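Listed below are the residues making up each chain.
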Amino acid sequence: MYYQLQAPTTAALKAAYWEAEFAGLDPTWIKSNVFEIGTGNIEKVSSLISKYKLDILVETDYEPIGYRR
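Per chain, residue numbering runs from 1 following the sequence as it is written. Under the rules for a predicted model, residues below a pLDDT of 70 receive no local features and side-chain atom pairs below 80 are neither given nor counted, while totals for whole chains, interfaces and linings still include all residues. Side-chain metrics in this entry use all non-hydrogen atoms of the structure; hydrogen atoms and water are not considered.

Asker: What am I meant to see in the nonpolar core here?
Answerer: Ranked by size, the top nonpolar core spans 15 residues in total, and within it Leu5, Leu25, Phe35, Ile37, Val45, Leu48 and Leu54 carry the most contacts. Residues in contact with Phe35, not counting those within four places in the same chain, are Tyr3, Gln4, Leu5, Leu13, Ala16, Tyr17, Pro27, Thr28, Trp29, Ile30 and Leu54. Nonpolar core, defined: a set of buried Ala, Val, Leu, Ile, Met, Phe, Trp, Tyr and Cys residues in which side-chain atoms within 4.5 Å join the residues together. We call a residue buried when its accessible area falls under 20% of the maximum for its residue type, exposed when it is over 50%, and partly exposed in between, using a 1.4 Å probe and counting protein chains only. We call two residues in contact whenever any of their non-hydrogen atoms come within 4.5 Å of each other.

Here is the structure:
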């Protein structure tokens, strides 16, 4: 699964991002209060979402790469 998550505050973003790194989810910061996670571990991501009250901007089965034919 691929997620783009938005945190309500900068503090929540930093805490969620750190916890995602610690859990091995390999987060990537995109822009202010938004980061992405590409992972197969839905339970860990769901835990982050509920713990830090994150909004799901994108949730797909694969990471969009922007390539079009």
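Asker: Is there a simple way to think about the pairing of strand β1 (residues 2–6) in this case?
Answerer: Regular strands place their side chains on alternate faces of the sheet. Helix and strand definitions follow DSSP, with helices as H or I runs of at least four residues and strands as E runs of at least two, each counted in order from the N terminus. With 4 of 5 residues buried, β1 is to be regarded as a mostly interior element. Between any two strands, pairing holds if DSSP finds at least two bridges. Examined bridge by bridge, β1 and strand β3 (residues 34–38) share 5 bridges and lie antiparallel to one another. Directly across from Tyr2, in β3, lies its bridge partner Gly38. Alignment of β1 against strand β4 (residues 55–60), held across 5 bridges, turns out to be antiparallel. If you follow Gln6 over to β4, its bridge partner there is Asp55.

Asker: Could you clarify how one ought to interpret unusual backbone geometry in this entry?
Answerer: Glycine aside, residues mostly have negative phi, and peptide bonds are mostly found in the trans state. Here Asp26, not a glycine, exhibits a phi torsion of approximately 55°, which is positive. On the secondary structure map, Asp26 appears in the loop between α1 (10–22) and β2 (28–31). Asp26 gets classed as exposed once you look at its relative accessible area, which sits at 60%. At Lys53, a position not held by glycine, the phi torsion is positive, near 55°.

Asker: How should I be thinking about helix α2 (residues 42–52) in this particular structure?
Answerer: Note: α-helices contain 3.6 residues per turn, so residues at a spacing of three or four share the same orientation. Those residues of α2 that fall on the buried side of the exposure criterion are Val45, Leu48, Ile49 and Tyr52. Viewed along the axis of α2, the buried residues span an arc of 100°, placing them on a single side of the element. Counted as exposed and oriented over 90 degrees from the buried face of α2: Glu43 and Ser50. One or two positions beyond α2, positive phi appears at Lys53, with a value near 55°. Our arc is simply the arc of the directions from the helix axis toward the C-beta atoms.

Asker: Help me understand the environment of Leu57 in this model?
Answerer: Mapped onto the elements of the fold, Leu57 is located in strand β4. Exposure remark for Leu57: the relative accessible area of 42% places this residue in the partly exposed category. Considered as a pair, Leu57 and Glu36 are 21 residues apart in the sequence and their alpha carbons are 9.5 Å apart. Contacts of Leu57, omitting those with residues within four sequence positions, involve Gln4, Gln6 and Val34.

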